[in-house]
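# Breakdown of the fold
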Amino acid sequence: MISTAAAKPENPLRRLRQRHPYKITAGVAVGVYALISHMMLQGEGPVRVRVDLTPLLQSPLVLQAHVVGAALAFVIGCILLAGVKGRAMHRTLGYVWVAAMVVTALSSFFLQSINPGSFSLIHALSAWTMIVLPMGLAAARRKNIARHRKEMTGIFVGGLLVAGLFSFLPGRLMWHLFFAV
């Protein structure tokens, strides 16, 4: 029997949420970041873009390791997401990316500038990263590529993009490296 009922048009937001859930997360994070930055910079002069690595070079070694690990993981992550999957280069860069993420997550536990002497919500992302990284690796080894993609993309978006974005809030070290008022 053939149904004569017209099919409902698909909801564009539902389609976006199903196909690209991390784009929504990144978009919300950018919006919240822009709002918080705007509120923090109200009454200040115009923001200038500049590069001054002096604050980083004068920082403790654990902070330097954290920044280098995060920067390396970000660059390699972008290459991995854009490149061909499953090749030897993807696997090699993937292992380097995992190592950089481990350095970034572990070093974050020694950085407690947001809540001096105790952990903050950012540390929950680090703990989540340390739990999910082995799960993503195991999924790849078991040839469960859909799960591997989900786990690693989640770490990239949550652990690098969202957490990294908020490290650029006015007054934080990354802000001072690249911006001035």
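Quantities reported herein were computed from a predicted structural model and do not represent experimental measurements.

Here the structure, examined in full by the defined rule, presents two salt bridges. Arginine 50 serves as the salt-bridge partner of aspartate 52, at 3.2 Å between the closest nitrogen and oxygen. The exposure class of aspartate 52 is partly exposed, given its relative accessible area of 27%.

Look at helix H4 (residues 61-82): 32 Å from first C-alpha to last across 22 residues, which is about the 32 Å you get at 1.5 Å a residue. By the burial criterion, the buried members of H4 are Leu63, His66, Val67, Gly69, Ala70, Ala73, Ile76, Gly77 and Leu80. Its buried side turned inward, H4 meets helix H3 (54-57), helix H5 (88-108), helix H7 (145-166) and helix H8 (173-178).

This part is about the nonpolar core. By size, the foremost hydrophobic cluster in this structure holds 22 residues, and its most contacted members are Trp97, Met101, Leu133, Ile155 and Leu160. Of all the secondary structure elements, the ones that give two or more residues to this core are helix H2 (21-41), H4, H5, helix H6 (121-141) and H7. With seven residues, the single largest contributor to this core is H7. Not counting residues up to four positions away in its chain, the partners in contact with tryptophan 97 are Ala73, Ile76, Gly77, Leu80, Leu133, Met152, Ile155, Phe156 and Leu160.

For the structure on display, the rule yields four aromatic pairs. An angle of 35 degrees between the planes, with centres 5.9 Å apart, marks the rings of phenylalanine 168 and phenylalanine 178 as tilted. Here phenylalanine 168, found in the loop between H7 and H8, pairs with phenylalanine 178, found in helix H8; they are 10 residues apart in sequence, far enough to count as distant. Relative accessible area serves as the criterion here: at 25%, phenylalanine 168 is assigned to the partly exposed category.

The subject of this paragraph is the confidence of the model for the protein chain. Overall, the predicted model of the protein chain reaches an average pLDDT of 85, with 87% of residues at or above 70. When pLDDT is averaged over each element of the protein chain, H5 comes out on top at 95 and helix H1 (residues 12-19) at the bottom at 68.

Right, let's talk about the packing of H4 against H5 for a bit. Packing of H4 against H5 leaves a shortest axis separation of 8 Å and a crossing angle of 150 degrees. On the basis of the axis angle, H4 is roughly antiparallel to H5. In the packing of H4 onto H5, the handedness of the crossing is left-handed. Residues Val62, Ala65, His66, Gly69, Ala70, Leu72, Ala73, Ile76, Gly77, Ile79 and Leu80 of H4 form the contact with H5, whose participating residues are His90, Leu93, Gly94, Val96, Trp97, Ala100, Met101, Val103, Thr104, Ser107 and Ser108.

Definitions and limits used
- Residues numbered from 1 in each chain as written.
- Predicted model: local features only at pLDDT ≥ 70, side-chain atom pairs only at ≥ 80, totals over all residues.
- Heavy atoms only, no water.
- Salt bridge = Lys/Arg side-chain N within 4 Å of Asp/Glu carboxyl O.
- Buried < 20%, exposed > 50% of the residue type's maximum accessible area, 1.4 Å probe, protein only.
- Helix = DSSP H or I, 4+ residues; strand = E, 2+ residues; numbered from the N terminus.
- Expected span 1.5 Å × (residues − 1).
- Contact = heavy atoms within 4.5 Å.
- Core = buried A, V, L, I, M, F, W, Y, C linked by side-chain atoms within 4.5 Å.
- Phe/Tyr/Trp six-rings, centres within 6.5 Å; stacked < 30°, edge-to-face > 60°.
- pLDDT = per-residue confidence, 0-100.
- Axes fitted to C-alpha atoms, helices over the stretch in contact; angles between N-to-C directions.
- Parallel < 35°, antiparallel > 145°, perpendicular 65-115°, else oblique.
- Left-handed = near helix turned anticlockwise from the far one by under 90°.

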